[in-house]
Amino acid sequence: QVQLVESGGGLVQPGGSLRLACAASGNIFSINTMAWYRQVPGKQRELVASIPNGGSANYADSVKGRFTISRDNAKKTVYLQMNSLKPEDTAVYSCTANILRRDGVGPLYERDYWGQGTQVTVPS
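Just so it is clear, the structure is predicted and the values come from calculations on it, not from any experiment.

Q: Explain the overall build of the protein chain here, please?
A: Scanning the protein chain for helices and strands turns up zero helices and eleven strands. Seen in sequence order, the protein chain has helices and strands lined up from the N terminus as β-β-β-β-β-β-β-β-β-β-β. Along the first, second and third principal axes, the C-alpha atoms of the protein chain reach 55 × 25 × 25 Å. Sorting the 124 residues of the protein chain into buried and exposed places 40% on the buried side.

Q: Would you explain the nonpolar core in this entry?
A: In a soluble, globular protein the nonpolar side chains are often hidden away together inside. Counting 30 residues, the largest nonpolar core has Leu4, Trp36, Leu80 and Tyr93 as its most contacted members. The set of elements that each furnish at least two residues to this core consists of strand E3 (18-25), strand E4 (30-39), strand E5 (46-51), strand E7 (67-72), strand E8 (77-82) and strand E9 (91-101). A total of five residues in this core trace back to one element, the largest contributor, which is E9. Ignoring anything within four residues of it in the chain, the contact list for Tyr93 reads Glu6, Leu20, Trp36, Tyr37, Arg38, Val48, Phe67, Leu80, Met82, Gly117, Thr118 and Val120.

Q: I tried to follow the pattern of salt bridges on my own but got confused; where do I start?
A: Should their charged atoms come close, side chains of opposite charge can pair. Summed over the entire model, instances satisfying the criterion amount to five salt bridges. For Asp89, the salt bridge is made with Arg38, and the minimal N-O distance between the two is 3.0 Å. Highlighted residues: Asp89 in the loop between E8 and E9 and Arg38 in strand E4, separated in sequence by 51 residues. By relative accessible area, which is 1% here, Asp89 ends up buried. The class for Arg38 is buried, based on a relative accessible area of 8%. One salt bridge connects Arg101 with Asp103, and the closest N-O pair in it is separated by 3.1 Å. Classification of Arg101 as buried rests on a relative accessible area of 6%.

Q: Sorry, what's going on with the side chain of Arg101 here?
A: By the element assignment, Arg101 lies in strand E9. At 3.1 Å, the side chain of Arg101 and the side chain of Asp103 are in polar contact. Of note is the side chain of Arg101, whose polar atom sits 3.5 Å from the side chain of Tyr113. Setting aside chain neighbours within four positions, we find Arg101 in contact with Gln1, Val2, Asn27, Phe29, Pro107, Leu108, Tyr109 and Tyr113.

Q: Where do I start with the state of the cysteines in this structure?
A: Note on terminology: disulfide describes a covalent bond linking the sulfur atoms of two cysteines. This structure, assessed with the given rule, holds one disulfide. With a sulfur-sulfur separation of 1.9 Å, Cys22 is cross-linked through a disulfide to Cys95. With the S-S dihedral at roughly 45°, the linkage between Cys22 and Cys95 falls on the right-handed side. One end of the pair, Cys22, is in strand E3; the other, Cys95, is in strand E9, with 73 residues separating them in the sequence. Among the residues examined, Cys22 registers a relative accessible area of 0% and is labelled buried. On the basis of relative accessibility, which here comes to 0%, the residue Cys95 falls in the buried class.

Reading guide: rules and limits
Residue indices begin from 1 for each chain and proceed along its sequence in written order. Given that this is a predicted model, residues contribute local features only at a pLDDT of at least 70 and side-chain atom pairs are listed and counted only at 80 or more, while totals for whole chains, interfaces and linings are drawn from all residues. Side-chain numbers come from the whole structure's heavy atoms, not from hydrogens or water. The helix and strand labels rest on DSSP assignments: H or I over at least four residues marks a helix, E over at least two residues marks a strand, and numbering proceeds from the N terminus. When accessible area is computed with a 1.4 Å probe and restricted to protein chains, residues below 20% of their type maximum are described as buried, those above 50% as exposed, and intermediate ones as partly exposed. Throughout, nonpolar core names a set of buried Ala, Val, Leu, Ile, Met, Phe, Trp, Tyr and Cys residues whose side chains join them through atoms within 4.5 Å. Residue contacts are counted whenever heavy atoms from the two residues lie within 4.5 Å of one another. Salt bridges are counted wherever a side-chain nitrogen of Lys or Arg sits within 4 Å of a carboxyl oxygen of Asp or Glu. Polar contact criterion, stated in full: a pair of N or O atoms within 3.5 Å, where within protein one must be able to donate a hydrogen and the other to accept it, and residues adjacent in sequence count only if both atoms are side-chain atoms. Throughout, a disulfide means two cysteine sulfur atoms within 2.5 Å of one another.

Structure below.
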């Protein structure tokens, strides 16, 4: 099975920075789009940023100019550099990846995988 493991969450003062990482492992043929979501209790999950394989990144308006998404295909890892953090950025951040894989020597197929989530807290 494919696993996505997130790291880098924590507590940061307003205006500070944090770098999240999410590494994929397992039987992976290739990785298509990778993305970061965030969710606060009582609110809908929000797409923060996404990046296709070999394409341009996309950002939510609320983080544009402050956050940067990037990926290292050799390490099968996606990053989220978070600068100028605000209290409203407080949330559980989760990574997701659309992965092409196969079971043994069976046919290739695509599936979305999710990490366990990591807490980011910016106190007010």
